[in-house]
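# Structural features, examined
Take a look at the letters that make up each chain.
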Amino acid sequence: HAHSQQPQQQQQPQQPATANPQGANPPPNSKYAKQMEEKNDEEDQSVVTQQIKRSILINWALQPPNLNVLRPIDQLISTIHTAMPPAFGVASHAYFSKFTPISQTELVLSAAMGNRPDETKLKKAVRKVRVFLHPDKLPRDLTTDQQYMARMLWDITSDSWEEFQKHKDELDWMHS
């Protein structure tokens, strides 16, 4: 029985029952799923920042329908331009319009290879995104919201790339 393993202090009545339908072992990416549920863990986060965060997570970062894991890195990279300003009510900035969208076809080996992401192409694309969004590279005149957005996209891309690196060893036998 699942409940017997749960420590006692989890019996908080104000916790909605639906907070963690997956049971006691949330998936590795659940830090973002948790962020969705936390309303104001950080006092300095404005309502606007909260909305930006939720919009990025729901519309771009998390895999529907459960929204508890990040989408695969190739999907994130090929759609990241949709999550840059002027997305989600954040004002546009000339800097972000310089980003050339990366298409999914640029990231895959070939149709004959089942359209699997090509690690070399993917690595280049991830590097491109991370350089573009790197805090040191961003213009000084970005608004707080634009900076926050760039940092969040950078973090999510980095995390998703790490996931890919972890799992790619399991896929290697398919290519040998």
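Attention here is on the structure that accompanies the text. This one's a predicted model, so the numbers in the text were calculated from it and none came from an experiment.

What counts and what doesn't
- Residue numbers here run from 1 along each chain, matching the order of that chain's written sequence.
- Totals for whole chains, interfaces and linings use every residue, but because this is a predicted model, local features are given only for residues with pLDDT of at least 70 and side-chain atom pairs only at 80 or more, for both listing and counting.
- The basis for every side-chain value is the complete set of heavy atoms in the structure, and neither hydrogens nor water enter the calculation.
- Secondary structure elements follow DSSP: runs of H or I no shorter than four residues count as helices, runs of E no shorter than two count as strands, and numbering proceeds from the N terminus.
- Per-residue accessibility, obtained with a 1.4 Å probe over protein chains only, is compared with the maximum for each type, and a residue is labelled buried under 20%, exposed over 50%, and partly exposed between these values.
- The contact criterion used throughout is that any non-hydrogen atoms of two residues lie within 4.5 Å.
- With residues, only the protein chains shown are counted as cover, and all accessible areas are computed by Shrake-Rupley using a 1.4 Å probe.
- Pairs of N or O atoms are called polar contacts if they sit within 3.5 Å, as long as, within protein, a hydrogen donor faces a hydrogen acceptor (for residues adjacent in sequence, only side-chain-to-side-chain pairs).
- The pairing test for Phe, Tyr and Trp rings, Trp by its six-membered ring, is centres within 6.5 Å, and the orientation test on the planes gives stacked under 30 degrees, edge-to-face over 60, and tilted for anything in between.
- Charge-over-ring contacts are defined here by two conditions on Lys NZ or Arg CZ: a distance within 6 Å of the ring centre and an angle within 35 degrees of the ring normal.
- Working definition of a nonpolar core: buried Ala, Val, Leu, Ile, Met, Phe, Trp, Tyr and Cys residues. They are joined through side-chain atoms within 4.5 Å.

### What to know about the overall build of the protein
- Along the protein, the regular secondary structure elements total 7 helices and 0 strands.
- Along the protein, helices (α) and strands (β) appear in the sequence α-α-α-α-α-α-α when read from the amino end.
- Relative to its full complement of 176 residues, the protein shows a buried share of 36%.
- Restricting to contacts in the protein with at least 6 residues of sequence separation, those with at least 24 account for 66%.
- Total accessible area on the protein stands at roughly 11000 Å², and carbon and sulfur atoms take up 53% of it.

### Quick notes on the environment of serine 92
- Within the element layout of this structure, serine 92 appears in the loop between α4 (73-79) and α5 (94-97).
- Between the C-alpha atom of serine 92 and that of threonine 143, which follows or precedes it by 51 residues, the distance is 9.9 Å.
- If near-sequence neighbours (up to four positions away) are discounted, serine 92 is found in contact with Pro85, Pro86 and Gln146.

### With respect to the side chain of serine 160
- Looking at the element boundaries, serine 160 is found in helix α7 (residues 144-175).
- The exposure class assigned to serine 160 is buried, which follows from its relative accessible area of 4%.
- A distance of 3.3 Å separates a polar atom in the side chain of serine 160 from the backbone nitrogen of isoleucine 73.
- Ignoring any residue separated from it by four or fewer positions in sequence, one finds serine 160 in contact with Leu70, Arg71, Pro72, Ile73 and Leu76.

### What to know about the packing of aromatic side chains
- Evaluation of the coordinates by the stated rule reveals 5 aromatic pairs.
- For the pair tyrosine 95 and phenylalanine 132, a centre-to-centre distance of 4.4 Å together with 15 degrees between the ring planes defines the contact as stacked. In this pair, tyrosine 95 is assigned in helix α5 and phenylalanine 132 in helix α6 (residues 119-133), connecting sequence segments 37 residues apart. In this structure, tyrosine 95 and phenylalanine 132 share a single accessibility class: buried.
- Put simply, the rings of Tyr95, Phe96, Phe99 and Phe132 touch in pairs and so form one group of aromatic residues.
- Just above the ring of phenylalanine 99 sits the side chain of lysine 128; from NZ or CZ to the centre is 5.0 Å.
- Just above the ring of tryptophan 154 sits the side chain of arginine 130; from NZ or CZ to the centre is 5.1 Å.

### As for the nonpolar core
- Core analysis: the biggest nonpolar cluster contains 38 residues, and Trp60, Leu133 and Ile156 have the highest contact counts within it.
- At 8 residues, the largest contribution of residues to this core is made by α7.
- Every residue in contact with tryptophan 60, bar those within four places of it in the chain, is listed here: Ser55, Arg71, Leu76, Thr79, Ile80, Thr82, Ala83, Leu153, Ile156 and Thr157.

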